[in-house]
Number of protein chains: 2
Amino acid sequence: MDSDRLLNNCLYFTANTLARAITKLGEECFKPLGLSPSQAFLIMLALENPGISSGELAGCLNLAPSTVTRLADALVARGLIERRTQGKSASIHPTEQATELAPRIAAAWKSLHRAYSDVLGEQGGHDLTQSIHKAAKKLGER
Amino acid sequence: MDSDRLLNNCLYFTANTLARAITKLGEECFKPLGLSPSQAFLIMLALENPGISSGELAGCLNLAPSTVTRLADALVARGLIERRTQGKSASIHPTEQATELAPRIAAAWKSLHRAYSDVLGEQGGHDLTQSIHKAAKKLGER
DNA sequence: TTAGGATATTTGCATGTACAAGCAAGTGAG
DNA sequence: CTCACTTGCTTGTACATGCAAATATCCTAA
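A. Region of the structure containing the protein's contact with DNA strand D. Lining the immediate surroundings of DNA strand D are 23 residues, of which Gly55(A), Ser66(A), Ala64(B), Thr67(B) and Gly87(B) lie closest. For the surface near DNA strand D, the secondary-structure elements that each account for two or more residues are helix H2 (11–30), helix H4 (54–61), helix H5 (65–77) and strand S3 (89–94) of chain A together with helix H5 (65–77) of chain B. Here the surface near DNA strand D is built from residues that sort into six nonpolar, eleven polar and six charged.

B. Just the interface of chain A and chain B, in detail. Taken together, the contacts link 45 residues of chain A with 45 residues of chain B. Among the elements of the structure, helix H1 (2–8), H2, helix H3 (37–48), helix H6 (96–120) and helix H7 (122–141) of chain A are those that each provide at least two residues to the side of chain A that touches chain B. Here the side of chain A that touches chain B takes 13 residues from H2(A), the largest share from any one element.

C. Seen up close, H3(A). Residues and elements named next belong to chain A. Between its terminal C-alpha atoms H3 stretches 17 Å, which fits the 16 Å expected from twelve residues at 1.5 Å a residue. The buried fraction of H3 is high, at eleven of twelve residues. Within H3, the full set of buried residues consists of Pro37, Ser38, Gln39, Ala40, Phe41, Leu42, Ile43, Met44, Leu45, Ala46 and Leu47.

D. How the structure looks around the sheet that holds strand S1 (residues 52–53) of chain B. All names here are of chain B. Spatial strand order, S1-S3-S2: three strands in an open sheet with antiparallel pairing. The open sheet is flanked by S1 and strand S2 (81–86), the only strands paired with a single partner. Inspection of the sheet shows S2 paired to strand S3 (residues 89–94) by six bridges, in the antiparallel sense. Looking at S3, one finds that Ile81 is bridged to Pro94. Across the sheet, helix H3 (residues 37–48) lies against S1, S2 and S3, angled at about 90° from S3, the strand it touches most. On top of the sheet, H5 reaches S2 and S3; it is set at about 120° to S2, its chief contact.

E. Molecular detail of the relation of the copies chain A and chain B. Placing chain A over chain B gives an RMSD of 0.0 Å and needs a rotation angle of 180°, together with 0.0 Å of translation along the axis. Interpreted geometrically, this transformation is the action of a two-fold axis. Considering only C-alpha atoms, the part of chain A nearest the rotation axis is Ala19(A), at 3.2 Å. An overlap of 100% is found between the interface residues of chain A and their copies at the interface of chain B, pointing to a shared contact surface.

F. Seen up close, the protein's contact with DNA strand C. Around DNA strand C sit 23 residues, and of these Ser36(A), Gly87(A), Ser53(B), Gly55(B) and Ser66(B) come closest. Elements with a minimum of two residues in the surface near DNA strand C: H5 of chain A together with helix H2 (11–30), helix H4 (54–61), H5 and S3 of chain B. Examining the composition of the surface near DNA strand C, we find that four residues originate from one element, H5(B), more than from any other. For the surface near DNA strand C, the per-class residue count stands at five nonpolar, twelve polar and six charged.

G. Structural view of the sheet that holds strand S2 (residues 81–86) of chain A. All names here are of chain A. Reading across the sheet, the three strands line up as S1-S3-S2 and stay open at both edges, with antiparallel pairing between neighbours. Across the chains shown, the open sheet's two edge strands, defined by having one partner strand only, are strand S1 (52–53) and S2. Helix-sheet contacts for H5 involve S2 and S3, and the interaxial angle to S2 is about 120°.

Rules used throughout
Within each chain, residue numbers correspond to sequence positions counted from 1 in written order. Starting at A for chains and at 1 for ligands, labels are handed out in the order in which the entities are written. Thresholds applied to this predicted model are a pLDDT of at least 70 for local features of residues and 80 or more for the giving and counting of side-chain atom pairs; totals over whole chains, interfaces and linings are not thresholded and use all residues. Should the C-beta atom of a residue, placed from the backbone, lie within 6 Å of a molecule or strand, that residue is near it. Only DSSP runs of H or I covering at least 4 residues are called helices, and only runs of E covering at least 2 are called strands; the numbering of each starts at the N terminus. We call Asp, Glu, Lys and Arg charged. Ala, Val, Leu, Ile, Met, Phe, Trp, Tyr, Cys and Pro are nonpolar, and the rest, Gly among them, are polar. Residues are treated as contacting if the C-beta atoms built from their backbones sit within 7 Å of each other. Expected helix span is given by 1.5 Å per residue-to-residue step, counting one fewer step than there are residues. To sort residues by burial, count the other C-beta atoms lying within 10 Å of each one's C-beta; a count of 20 or more means buried, 12 or fewer means exposed, and anything in between means partly exposed. C-beta atoms are built from the backbone. At least two DSSP bridges between two strands are required for those strands to pair. Lines are fitted to the C-alpha atoms to define the axes, a helix being fitted only along its stretch in contact, and any angle between axes, read from their N-to-C directions, falls within 0 to 180 degrees. Here the copies were fitted onto each other by least squares, based on C-alpha atoms from residues at pLDDT of at least 70 in both.

Set out below in structure tokens:
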């Protein structure tokens, strides 16, 4: 159809389409762990930076603070992180259980990388990720 | 932070971040019309292809059929499209009102294009859109 | 002609995310 | 010291989207 050309020349469209595709892929890779990719990434950040604040997590993950709250809620419920509230700030600590899970999370991450690199090529995937990263940064700062 | 580098090398992350940024931009551009970008695009497709089916719309828009149903519901309620059901298939027709709105939709689309081209550069935005389109296609066919 | 599968659409439910408002704690000027 | 302002987080609510199941129609082969 003719209008396809128009749509496919619109960044709004292509970006959202790609996001849905890669989200699906990501969910598949992390499903064996019972985690969403975002949850898994939050845990990794907590493992590498124990005591990190909610706000810093939001910054790293490019998510709204409230979204981080929900993610963290779920992980606290699963016993994967601990939330220590001091004053107005909340610090997130990984639990023992999270440490045990770490290798599987890393593996799932690798498998996600594998999955899209198989389709896009190692270099192609990398380049695309970088261009998108730069563009997102510019648009975010707008 | 160190983990930032890891995250920013992950297509899942960057793609979703970009999608959120551009979605926000898109919503701003179409807000004056009281439409979401997806709704606006659906109307454009209906204007260019009166009688188009629900399924074809889903294909063009890269959305799940159920999503198109909801979008269409909203537009029917607003009196912008008409749904004619024949047998098992539903054809979507633009109303008079949609025709009148068309120029404003086109203008909003242009302004969206302007907005991100101003940030990414005309060429940069175009190239990025094309790479993303190709990647999304490959990943979708996976 | 009709039973069974294929196809198109819609509905029920779940998920991820955001915004706005609320709350709790820190901070600075008088 | 205290009152207004700011900051960081959480809760209420809303929305776009998807999957799976339900529904309705169409088609084909016996």
